[in-house]
Protein chains: 2
Amino acid sequence: MNGKPDYIIPEPTLRRLPRYYNYLKALLNRGREVVSCTHIGKDLELDPPQIRKDLAYTGIRGVPKVGYQVAELIKNIEDFFGWNNIDEAFLVGVGNMGRALIDYKGFSRYGFKIIAAFDNDSEVIGKTFNDVEVLPLSKLTSLCQRMNVHIGVIATPDHAAQEVADMMIAGGIIGIWNFAPAEIRTPEGVIVQNENLAAGLSVLCKKLQMLKQSGKIRQEVRE
Amino acid sequence: MNGKPDYIIPEPTLRRLPRYYNYLKALLNRGREVVSCTHIGKDLELDPPQIRKDLAYTGIRGVPKVGYQVAELIKNIEDFFGWNNIDEAFLVGVGNMGRALIDYKGFSRYGFKIIAAFDNDSEVIGKTFNDVEVLPLSKLTSLCQRMNVHIGVIATPDHAAQEVADMMIAGGIIGIWNFAPAEIRTPEGVIVQNENLAAGLSVLCKKLQMLKQSGKIRQEVRE
């Protein structure tokens, strides 16, 4: 497998943990102090044993018949991901998707901050969105080096993704979050997280297809 | 679990299949006729046995020591998802994320089409983006009913998501693709696919953390 390290924590667990986190934060805001897997499972429509397993990866154990301290659980998830250390990132491609990512309010709570954006369109270079300045793409590699940035976000069109990834890697970036619908080739020791929008869509459409076939479709409300 | 139907196909498989599909389309364009799981695994950095299992869900079996016909495999994935039948959807929330989804070129190949958008901001109502007209939110429920649309995309801020979901469901929508970072409650027989941007980010950051701890970090290039 190209010498990539093995990750012992399953990706579905890693994807679910932020969802628990958002949910627990809301619980805490409503004044709740203790919560059980059964309760979480009911609210999020997940299996309680799965939740217990997921949460155990953060090092927490619930008290039988009582559950977890909500505040402690939140803290464990934060420590697990290292959200208290800010990860700074550069973003390339200031189209709609890039703008959506720059404006996304939710990242700061995950210790993630886009500190500059890059594009080769003179119409956007020099502009500032949500305090993030757009710089010329030609400066990407040197600024990665100078500012010691290790995470890059690609929000360019398909055809530009590989070239941008190469520029990032030349600047020392080791983690790439790729929103372009293209497979990127990277050397060993660089992690690519592909964010394929069509993946979620495909899951939804397939589930709908299965729901329709099962005959369990809900009565349509026509008032 | 709230009476929701069981889906026998694992979600990670459903998420990987579109990735194989994009990859296979590119292979076919380069004139390749046959491909093996080993070859796919090398290019996509996935385990060949996992790929074999994933592809088997579409009903295809490879020929030992030869592999799959690329064109046949593509066709099987298309049929599996029903991508040849167009799914029409309404989108609510024409901010950056909404605009990014409206402009996303990749959806049509998955048989998915946003046919109208809704917002309550008079600045965008009446405008057209990528041939998609923005209508007042107040018309959402009645248009869902009248046009028999069954899929809704939520790209609103957090606080508006539940209200919009309720309006969609009142109009007969049974599949919701939710980009708002909020948990939505729905009645039985309605499927919600949450697209949590922070999930992918969390996976990336955790992998980076593990990579740094493993000491397998790549030598930084400083030219």
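This one's a predicted model, so the numbers in the text were calculated from it and none came from an experiment. (Residues numbered from 1 in each chain as written. Chains lettered and ligands numbered in written order. Predicted model: local features only at pLDDT ≥ 70, side-chain atom pairs only at ≥ 80, totals over all residues. Heavy atoms only, no water.)

Undergrad: Before we move on, could you go through the domain arrangement of chain A and cite the residues and values that matter?
TA: Residue and element names in this part refer to chain A. When the domains of chain A are assigned, the result is domain 1 (11-81) and domain 2 (87-198). Between domain 1 and domain 2, the C-alpha centre-to-centre distance is 31 Å. Tallying the contact residues gives 5 residues for domain 1 and 4 residues for domain 2. Counting across the domain 1 and domain 2 interface gives 1 salt bridge. (Domains from an automatic or database assignment. Contact = heavy atoms within 4.5 Å. Salt bridge = Lys/Arg side-chain N within 4 Å of Asp/Glu carboxyl O.)

Undergrad: Kindly report on the relation of the copies chain A and chain B, identifying the contributing residues and their values.
TA: When chain A is fitted to chain B, the residual RMSD is 0.1 Å, and the transformation amounts to a turn of 180 degrees plus an axial shift of 0.0 Å. Such a turn and shift between the copies fits a two-fold axis. No C-alpha of chain A approaches the rotation axis more nearly than that of Asn96(A), which lies at 2.8 Å. A symmetric contact is evident, with 100% of the interface residues of chain A recurring at the interface of chain B. (Least-squares fit on C-alpha atoms with pLDDT ≥ 70 in both.)

Undergrad: Residue-level account of the pairing of strand 9 (residues 191-194) of chain B, with values.
TA: All names here are of chain B. Of the two faces of strand 9, the one lined by Ile191 and Gln193 is fully buried and the one lined by Val192 and Asn194 carries no buried residue. Note that strand 8 (residues 175-178) and strand 9 share 4 bridges and pair parallel. From the neighbouring strand, Trp177 faces strand 9, where its bridge partner is Gln193. (Buried < 20%, exposed > 50% of the residue type's maximum accessible area, 1.4 Å probe, protein only. Helix = DSSP H or I, 4+ residues; strand = E, 2+ residues; numbered from the N terminus. Pairing = 2+ DSSP bridges.)

Undergrad: Let's hear about the sheet that holds strand 4 (residues 112-119) of chain A: which residues, and what values?
TA: Residues and elements named next belong to chain A. Spatially, 7 strands are ordered 5-6-4-3-7-8-9 in an open sheet, and the strand pairing comes out mixed. The open sheet is flanked by strand 5 (128-129) and strand 9 (191-194), the only strands paired with a single partner. As judged from the 3 bridges shared by strand 4 and strand 6 (residues 132-136), these two strands associate in the parallel manner. From the neighbouring strand, Asp119 faces strand 6, where its bridge partner is Pro136.

Undergrad: Hey, could you go over the interface of chain A and chain B for me, with residue numbers and the actual values?
TA: Every contact between the two is made by 82 residues of chain A and, on the other side, 82 residues of chain B. Together, the buried faces of chain A and chain B total about 7700 Å²; carbon and sulfur atoms form 63% of this surface. Summed over the shared surface of chain A and chain B, the result is 6 salt bridges. Residues Lys207(A) and Glu11(B) are paired through a salt bridge, measuring 3.2 Å at the closest nitrogen-oxygen approach. Our count for the contact surface shared by chain A and chain B stands at 12 residue pairs in polar contact (both at pLDDT 80 or more). Taken together, the elements giving at least two residues each to the side of chain A that touches chain B come down to helix 1 (11-29), helix 2 (37-44), helix 4 (70-81), helix 5 (96-103), helix 7 (161-170), strand 8 (175-178), strand 9 and helix 8 (197-214) of chain A. Among the elements that line the side of chain A that touches chain B, the one with the most residues is helix 8 of chain A, at 16 residues. Residues of the side of chain A that touches chain B, tallied by class, amount to 43 nonpolar, 17 polar and 22 charged. (Buried area = accessible area lost by both parts, 1.4 Å probe. Polar contact = N/O pair within 3.5 Å; in protein donor to acceptor, adjacent residues only side chain to side chain. Nonpolar A, V, L, I, M, F, W, Y, C, P; charged D, E, K, R; others polar.)

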